[in-house]
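A closer look at the structure
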Amino acid sequence: MSFTSTRWRDVWIAAGSNAVTNMGSFLVLTTLMLTLQEEGQGGPAVAAVIIAEALPIVLLAAITGRLADRVDSRLLLLVAGGVQVGACLALSAVDGMAPRVALLTLIFVGTAIAQPVRQALMMTMASREDLPKVSGIAQTAGSIGAIAGPAVAGFAQDGLGTSATLRVAALAFSATIIAGLSLQTRRGGDQRPADARAETAPVRMDGLLRVVTIGFAVVVGCIAAANVVEVFYVKETLGASSSAYGVINSMWTVGMIAGTWITARLIRRAGDTSVVAGAFAALALTCAVLAVSSLAPAVAWIVPLWLLGGGLNGAENVQVFTVFGRRAPDHARGRLSARLNAAVQGAALFGYAMGGLVLEWWQPRTVLAVGGVLGVLAVLAVAPWIRTAVRRERQETHRITDPSGISAQDSTEDPEPALDGATAVARARGASAK
């Protein structure tokens with residue numbers, strides 16, 4: 001169960017480590033994409049790098065989610081950090097596509113282990129009322145790392161070269177180890193309650209969380225090709241340098257910080273159904289921004305568009321974190337976090353693969369435009385399902401309203417609403433990123 005008062009010391013430690021490790025991830029990815037582009041590699045090579053990032057999260061979700069709920073969180077963070085540091089150091093010493101992809105995959109095996117552990121810990125540290133603020137801190141920390149990673153990669157690639165830049169990334173991944181040693185909040189292992197240890201039934205998402213998971217996965221699958229073509233669009237179509245590409249890439253995450261905090265303030269007392277509706281509205285607008293960006297006549301136009309798109313992306317993330325954090329039983333947060341991550345990343349893998357393939361025949365502008373339009377159409381396609389789930393949830397909430405007229409779902413006075421045990425509505429949960 002979440003604490004009735006938030007453990008702010010642990011929140012800041014977890015957020016800080018997330019910022020540094022996120023910087024390491026973006027540093028590695030941006031460095032490799034720039035290296036491949038400079039070596040004359042095409043869309044399939046860039047797609048392979050992005051797939052190596054997402055594949056472990058998808059394939060290992062059932063295992064990593066179960067580990068996050070059952071094994072001591074400190075041990076898991078130490079192991080994950082060790083894997084990341086070792087694999088990144090090895091990556092700095094190899095050449096060739098195959099060993100690069102293999103070691104990059106191993107780095108993100110560490111991420112697949114750490115991600116549900118970190119997400120579940122952040123939810124456990126926070127009270128119900130502080131969930132949006134804690135989400136804002138977590139998203140901002142991740143955004144700072146995402147800003148620093150591409151920018152550092154762009155300049156370091158020009159000045160230091162690939163190997164030295166990857167060694168810096170290896171140092172950044174050690175923040176996961178430091179967090180594991182420093183956090184007082186722990187989950188799994190001896191911290192699991194007796195009823196959780198005796199649990200045998202599978203964990204299920206409720207209707208609203210199922211809508212969020214599947215709906216987001218469908219839309220992300222449509223727009224994921226944008227990640228593959230971005231480097232070619234900015235550097236080749238619009239003629240930017242590596243340094244300019246790194247800075248432009250960071251604009252998305254600058255926008256995410258603003259969007260995260262604005263949304264965290266707006267939804268602090270909002271009901272779950274309103275939060276879900278807002279998340280899908282922001283997702284549709286994000287897709288529209290991508291489609292419009294394909295019309296940019298010069299690289300300067302990308303900056304405001306990326307700031308806007310990032311702001312909407314930040315709004316989506318904080319809303320998803322909040323609604324999942326409110327509705328998940330503590331003992332299942334790791335599994336449901338991993339399940340959501342796997343669904344979204346699995347759909348993204350399809351988009352990455354398609355982006356790499358069609359880039360052989362289409363121009364980057366075309367891929368970006370088609371991806372954005374398909375994303376908007378996907379939101380419109382799932383809109384009736386969203387409305388049905390929201391209507392059903394509101395009817396259910398109305399039935400369990402107490403005599404005072406305040407529902408168990410929407411009351412902000414209850415630090416842990418009916419999430420565990422015998423309730424009228426089954427609860428479950430998961431979490432998200434760009």
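Residues numbered from 1 in each chain as written. Predicted model: local features only at pLDDT ≥ 70, side-chain atom pairs only at ≥ 80, totals over all residues. Heavy atoms only, no water.

1. Quick look at the overall build of the protein chain
Counting secondary structure elements, the protein chain contains 15 helices and zero strands. When each of the 434 residues of the protein chain is scored for burial, the buried share is 58%. Within the protein chain, residue pairs in contact and separated by at least 24 positions form 90% of the contacts whose partners lie at least 6 positions apart. (Helix = DSSP H or I, 4+ residues; strand = E, 2+ residues; numbered from the N terminus. Buried < 20%, exposed > 50% of the residue type's maximum accessible area, 1.4 Å probe, protein only. Contact = heavy atoms within 4.5 Å.)

2. Regarding the nonpolar core
Core analysis: the largest hydrophobic core is formed by 86 residues, its most contacted members being Val28, Leu104, Ile107, Phe216, Phe280 and Tyr352. The contacts of Ile107, once residues within four sequence positions are left out, are Val28, Gln84, Ala87, Cys88, Leu91 and Phe173. Ranked by size, the runner-up nonpolar core spans 23 residues in total, among them Leu76, Ala114, Ala141 and Phe321. (Core = buried A, V, L, I, M, F, W, Y, C linked by side-chain atoms within 4.5 Å.)

3. Overview of the confidence of the model for the protein chain
Looking at the protein chain, pLDDT values average 79 and 85% of them are 70 or higher. Across the protein chain, element-level confidence peaks in helix α4 (residues 73-91) with a mean pLDDT of 94 and bottoms out in helix α8 (residues 194-197) with 48. Between residues 194-198, whose pLDDT stays under 50, and residues either more than four places distant or in other chains, the model counts four contacts. In this model residues 405-434 is a low-confidence stretch, pLDDT under 50, and it forms 95 contacts with partners more than four residues away in sequence or in other chains. (pLDDT = per-residue confidence, 0-100.)

4. Some points on helix α6 (residues 131-159)
Side chains three or four residues apart in an α-helix point the same way, a direct result of the helix having 3.6 residues per turn. With 29 residues, α6 extends 42 Å from end C-alpha to end C-alpha; this agrees with the ideal 42 Å at 1.5 Å per step. Summarising burial for α6: 21 of the 29 residues are buried, a large majority. (Expected span 1.5 Å × (residues − 1).)

5. Regarding the environment of Thr105
Tracing the backbone shows Thr105 in helix α5 (residues 97-125). Sequence separation of Thr105 and Leu55 is 50 residues, and the distance between their C-alpha atoms is 7.5 Å. Those residues in contact with Thr105, other than ones at most four positions away along the chain, are Ala52 and Pro56. Within the structure, the side chain of Thr105 is placed 2.7 Å from the backbone oxygen of Val101, a separation counted as a polar contact. (Polar contact = N/O pair within 3.5 Å; in protein donor to acceptor, adjacent residues only side chain to side chain.)

6. What about the side chain of Ser294?
Here Ser294 shows up in the loop between α12 (272-293) and α13 (302-327). For Ser294, the residues in contact, after removing those within four places along its chain, are Tyr233, Arg365, Leu368 and Ala369.

7. Comments concerning the packing of aromatic side chains
Counted under the stated rule, the structure contains two aromatic pairs. Ring centres 4.9 Å apart and planes at 70 degrees place the aromatic pair Phe216 and Phe280 in the edge-to-face group. Here Phe216 is found in helix α9 (residues 207-223), whereas its partner Phe280 is found in helix α12, with 64 residues between them in sequence. Phe280 shares its class with Phe216; the two are buried. Here Trp252 and Trp306 contribute two aromatic rings whose centre-to-centre distance is 5.5 Å and whose plane-to-plane angle is 80 degrees, an arrangement assigned as edge-to-face. Of this pair, Trp252 sits in helix α11 (residues 242-266) while Trp306 sits in helix α13, and the two are 54 residues apart along the sequence. According to the relative accessible area criterion, Trp252 is buried, its value standing at 4%. Judged by relative accessible area, which is 4%, Trp306 ranks as buried. Above the plane of the ring of Trp8 lies Lys133, whose end atom (NZ or CZ) is 4.9 Å from the centre. (Phe/Tyr/Trp six-rings, centres within 6.5 Å; stacked < 30°, edge-to-face > 60°. Lys NZ or Arg CZ within 6 Å of the ring centre and 35° of its normal.)

8. Overview of the pattern of salt bridges
Counted under the stated rule, the structure contains five salt bridges. The salt bridge involving Arg186 is made with Asp72; its shortest N-O contact spans 2.2 Å. In this pair, Arg186 is assigned in the loop between α7 (162-182) and α8 and Asp72 in the loop between α3 (61-70) and α4, connecting sequence segments 114 residues apart. Its relative accessible area of 18% is what places Asp72 among the buried residues. Close ionic contact of Asp95 with Arg100 constitutes a salt bridge, the shortest N to O distance being 3.8 Å. Three or more residues joined by partner-sharing salt bridges are found here, namely Asp69, Arg187 and Arg335. (Salt bridge = Lys/Arg side-chain N within 4 Å of Asp/Glu carboxyl O.)

9. Some details on the packing of α9 against α12
Between α9 and α12, the least distance of the axes is 11 Å, while the angle of their chain directions is 5 degrees. As the angle between them shows, α9 and α12 are arranged roughly parallel. Counted together, Leu208, Val211, Val212, Gly215, Phe216, Val219 and Ile223 of α9 and Asp272, Thr273, Val276, Ala279, Phe280, Leu283, Cys287 and Leu290 of α12 form the full contact between these two elements. Of the residues contributing to the contact of α9 with α12, the split by class is twelve nonpolar, two polar and one charged. (Axes fitted to C-alpha atoms, helices over the stretch in contact; angles between N-to-C directions. Parallel < 35°, antiparallel > 145°, perpendicular 65-115°, else oblique. Nonpolar A, V, L, I, M, F, W, Y, C, P; charged D, E, K, R; others polar.)

10. Things to note about the side chain of Arg187
Checked against the element boundaries, Arg187 lands in the loop between α7 and α8. At a separation of 2.9 Å, a polar atom in the side chain of Arg187 contacts the main-chain carbonyl oxygen of Ala68. In terms of polar contacts, Arg187 uses its side chain to reach the side chain of Asp69, at 2.9 Å.

11. Notes on a nonpolar patch on the surface
Taken together, the side chains of Phe350, Met354, Leu357, Trp361, Trp362, Val370, Val373, Leu374, Leu377 and Leu380 make up a nonpolar region of the molecular surface, amounting to roughly 1000 Å² of accessible area. Sorting the residues of the nonpolar patch by element identifies α14 (333-358) and α15 (364-399) as the ones contributing at least two each. It is α15 that contributes the most residues to the nonpolar patch, five residues altogether. By secondary structure assignment, the location of Phe350 is in helix α14. (Patch = residues over 30% accessible without salt bridge, like charges linked within 9 Å, V, L, I, M, F, W, Y side chains within 5 Å. Areas by Shrake-Rupley, 256 points an atom, 1.4 Å probe, with all protein chains shown as cover.)

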